[in-house]
Amino acid sequence: MKSEDMLPVVKELNILLAEYHMYYQKLRNFHWNILGKNFFDLHIKFEELYEDARVKIDDIAERILTLRYHPLSRYSEYLEVSEIKEEKSSLPDHEMVDILLQDHKLLLKRMKSVIDQSDKAGDEGTIDLIGAYIRELEKASWMLNVWTKKTDDQLKTIPLSEY
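Keep in mind that what you see is a predicted model, and the values were worked out from it rather than measured. (Residues numbered from 1 in each chain as written. Predicted model: local features only at pLDDT ≥ 70, side-chain atom pairs only at ≥ 80, totals over all residues. Heavy atoms only, no water.)

Asks: So what's going on with a negative patch on the surface? Residues and values would help.
Replies: A cluster of acidic side chains, namely Asp116, Asp119, Glu124 and Asp128, defines a negative patch on the protein surface. Elements supplying a minimum of two residues to the negative patch: helix H4 (93-121) and helix H5 (124-147). Mapped onto the elements of the fold, Asp119 is located in helix H4. (Patch = residues over 30% accessible without salt bridge, like charges linked within 9 Å, V, L, I, M, F, W, Y side chains within 5 Å. Areas by Shrake-Rupley, 256 points an atom, 1.4 Å probe, with all protein chains shown as cover. Salt bridge = Lys/Arg side-chain N within 4 Å of Asp/Glu carboxyl O. Lys, Arg positive; Asp, Glu negative; His and termini not counted. Charge placed at Lys NZ, Arg CZ, Asp CG, Glu CD. Helix = DSSP H or I, 4+ residues; strand = E, 2+ residues; numbered from the N terminus.)

Asks: Summarise the environment of Leu101; cite the residues concerned and give the values.
Replies: Residue placement: Leu101 occurs in helix H4. In this structure Leu101 comes out as buried when scored by relative accessible area, which is 14%. For Leu101 and Glu138, which are 37 residues apart along the polypeptide, the C-alpha to C-alpha distance reads 9.9 Å. (Buried < 20%, exposed > 50% of the residue type's maximum accessible area, 1.4 Å probe, protein only.)

Asks: Describe the packing of helix H1 (residues 3-33) against H4, with residues and values.
Replies: Packed helix pairs are specified by the crossing angle of their axes together with the interaxial distance, meaning the distance between the axes. In contact at an axis separation of 9 Å, H1 and H4 are set at 165 degrees when each is read in the N-to-C sense. Overall, the two elements H1 and H4 adopt an arrangement that is roughly antiparallel. At the point where H1 passes H4, the crossing takes the left-handed sense. Classifying every residue of the contact of H1 with H4 by side-chain character gives 18 nonpolar, five polar and six charged. (Axes fitted to C-alpha atoms, helices over the stretch in contact; angles between N-to-C directions. Parallel < 35°, antiparallel > 145°, perpendicular 65-115°, else oblique. Left-handed = near helix turned anticlockwise from the far one by under 90°. Nonpolar A, V, L, I, M, F, W, Y, C, P; charged D, E, K, R; others polar.)

Asks: Go over H5 with me, naming the residues and quoting the values.
Replies: When the terminal C-alpha atoms of H5 are compared, their 35 Å separation across 24 residues agrees well with the 34 Å that a helix rising 1.5 Å per residue should span. Those residues of H5 not exposed but buried are Thr126, Ile127, Leu129, Ile130, Tyr133, Ile134, Leu137, Ala140, Ser141 and Leu144. On its buried side, H5 packs onto H1, helix H2 (39-66) and H4. (Expected span 1.5 Å × (residues − 1). Contact = heavy atoms within 4.5 Å.)

The following block contains the structure:
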């Protein structure tokens, strides 16, 4: 792969790296500061999510290095390029989950952009890496979304006559 073809891929990966760092720190913040009757559920879930994010941060940085570029590595850079922003610590549990779901949308949008640029560059390795991340984040989003529902809420159904 030519270096000039990879530049748009690396730029998108570096922004994704920055966004994952911001997301990771937000998860730590929420993990440390969750209060109330949902403490046990969310404390554990936030830890699970930040442990997953920590692994992805390393993978993304190593992918950038594999492509022969330096990854962004300073929080000032992350703050500058990330669409995901810091959050205050004292929030209600439902608001924390809603904020994380919004962050998931931003991460998924960025991942799709990484895949688009990787496809143009013929970078199958990055496509493979990020494709798996999309599937995993969509599942985490579904689980957090379900947590926000009432027990009598229902999913959409397709009438049998439409099959």
